[in-house]
Amino acid sequence: MKAADIAARLGKAISIPANTPVPKGWFTVRDIQQALHMKWAANASTRAKNLYERGLVERMEWRAYKDYGFARAFIYRLKKPYRTWQEVTDAYANVGAQTVPKGWHRPVHFARMFGISPEAIRNAINRYQLPTKMFLTKRGVSGLHANLHVHEKDILRVYGKRLKAT
């Protein structure tokens, strides 16, 4: 028996199974990339991982058999009540957000109202030792941030004359 025959028999005995299909309802990173219209698969993979860490999707390890052997990959499934990937990504930034009570605003809000810089508002908060609270609120695409909030009546006590003059 020649070495080539042995190799051929061994190859048939240890044949790599065909590419196993993704279970129904589960999505690969390529599917997510197409659904979210992303240019790179790495961006879709990172987005899917972040959604999984926030508890919006489920993740399962899946073995994809390729020409060179098997590759470990993750597949993802939407959790209820979400039906599309766009709904999940829209909800991503609001998961864990706190609702700010009425009358509490960020210093930037008051800066626009009085026509002065936000830094001047922050200095007044420190100078007059106004009570503040931190709330987790949505700011931009990146998600939640802890933001300083001040009650409107406290700021109006300090800057009320300026507001009435304008």
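In this text the structure is predicted, and so the values were computed from the model without any measurement. (Residues numbered from 1 in each chain as written. Predicted model: local features only at pLDDT ≥ 70, side-chain atom pairs only at ≥ 80, totals over all residues. Heavy atoms only, no water.)

S.K.: Please provide a residue-by-residue account of the packing of helix 3 (residues 41-53) against helix 4 (residues 85-92), values included.
M.R.: Following both chains from N to C, one finds helix 3 and helix 4 inclined at 65°, their axes separated by 11 Å at the closest point. Here helix 3 runs over helix 4; the crossing is left-handed. Seen from helix 3, the contacting residues are Arg47, Asn50 and Leu51; seen from helix 4, they are Trp85, Val88, Thr89 and Tyr92. Across the contact of helix 3 with helix 4, the residue classes tally to four nonpolar, two polar and one charged. (Axes fitted to C-alpha atoms, helices over the stretch in contact; angles between N-to-C directions. Helix = DSSP H or I, 4+ residues; strand = E, 2+ residues; numbered from the N terminus. Left-handed = near helix turned anticlockwise from the far one by under 90°. Contact = heavy atoms within 4.5 Å. Nonpolar A, V, L, I, M, F, W, Y, C, P; charged D, E, K, R; others polar.)

S.K.: Quick rundown of helix 4? Include the residues and the values.
M.R.: Buried within helix 4 are the following residues: Trp85, Val88, Thr89, Ala91 and Tyr92. The buried residues of helix 4 occupy one face: seen down the axis, they fall within an arc of 160°. (Buried < 20%, exposed > 50% of the residue type's maximum accessible area, 1.4 Å probe, protein only. Arc of directions from axis to C-beta.)

S.K.: Lay out helix 6 (residues 118-127) with the relevant residues and their values.
M.R.: Within the sequence span of helix 6, burial applies to Ile121, Ala124 and Ile125. Buried residues of helix 6, seen end-on, are gathered within an arc of 105° and therefore sit on one face of the element. Across helix 6 from its buried face, at more than 90 degrees, point the exposed residues Asn126 and Arg127. Glutamine 129, located one to two residues past helix 6, shows a positive phi value of around 50°.

S.K.: Residue-level account of the side chain of histidine 151, with values.
M.R.: Turning to its location among the elements, histidine 151 is positioned in strand 5 (residues 144-151). Among the polar contacts listed, one links the side chain of histidine 151 to the backbone nitrogen of lysine 153, at a separation of 3.2 Å. The contact partners of histidine 151, leaving out residues within four places of it in the chain, are Lys102, Gly103, Trp104, Phe110 and Pro131. (Polar contact = N/O pair within 3.5 Å; in protein donor to acceptor, adjacent residues only side chain to side chain.)

S.K.: Let's hear about the pairing of strand 5: which residues, and what values?
M.R.: In terms of strand pairing, strand 3 (residues 104-105) meets strand 5 through two bridges, oriented antiparallel. Residue pairing for strand 5: tryptophan 104 is matched across the bridge by histidine 151. Here strand 4 (residues 132-138) runs beside strand 5; their pairing, made up of seven bridges, is antiparallel. Bridging from a neighbouring strand, threonine 137 pairs with histidine 145 of strand 5. (Pairing = 2+ DSSP bridges.)

S.K.: Describe the nonpolar core, with residues and values.
M.R.: Inside soluble globular proteins, nonpolar side chains tend to come together where they are buried. Counting 14 residues, the largest nonpolar core has Ile32, Leu51, Val57, Tyr76, Trp85 and Val88 as the members making the most contacts within it. Of all the secondary-structure elements, those providing two or more residues to this core are helix 2 (29-35), helix 3, strand 2 (69-78) and helix 4. Beyond its immediate chain neighbours, meaning those up to four positions away, leucine 51 contacts Leu56, Val57, Trp85, Val88, Thr89 and Tyr92. Listed in part, the 11 residues of the second largest apolar core include Phe114, Ile116, Val150 and Tyr159. (Core = buried A, V, L, I, M, F, W, Y, C linked by side-chain atoms within 4.5 Å.)

S.K.: Before we move on, can you summarise unusual backbone geometry with the specific residues and values?
M.R.: With an omega dihedral of 15°, the bond running from lysine 80 to proline 81 counts as a cis peptide bond. Relative to the elements of secondary structure, proline 81 occurs in the loop between strand 2 and helix 4. Even without being a glycine, histidine 37 presents a positive backbone phi close to 55°. Assignment of secondary structure puts histidine 37 in the loop between helix 2 and helix 3. A positive phi angle, near 50°, is found at glutamine 129, a position not held by glycine.

S.K.: Lay out the packing of helix 5 (residues 107-114) against helix 6 with the relevant residues and their values.
M.R.: Interaxial distance between helix 5 and helix 6 falls to 8 Å at its minimum, and their mutual angle equals 115°. On the basis of the axis angle, helix 5 is roughly perpendicular to helix 6. Crossing hand, helix 5 versus helix 6: right-handed. Side by side, helix 5 and helix 6 meet where Pro107, Val108, Phe110, Ala111 and Phe114 of the first sit next to Pro118, Ile121, Arg122 and Ile125 of the second. Tallied by class, residues from the contact of helix 5 with helix 6 come to eight nonpolar, no polar and one charged. (Parallel < 35°, antiparallel > 145°, perpendicular 65-115°, else oblique.)

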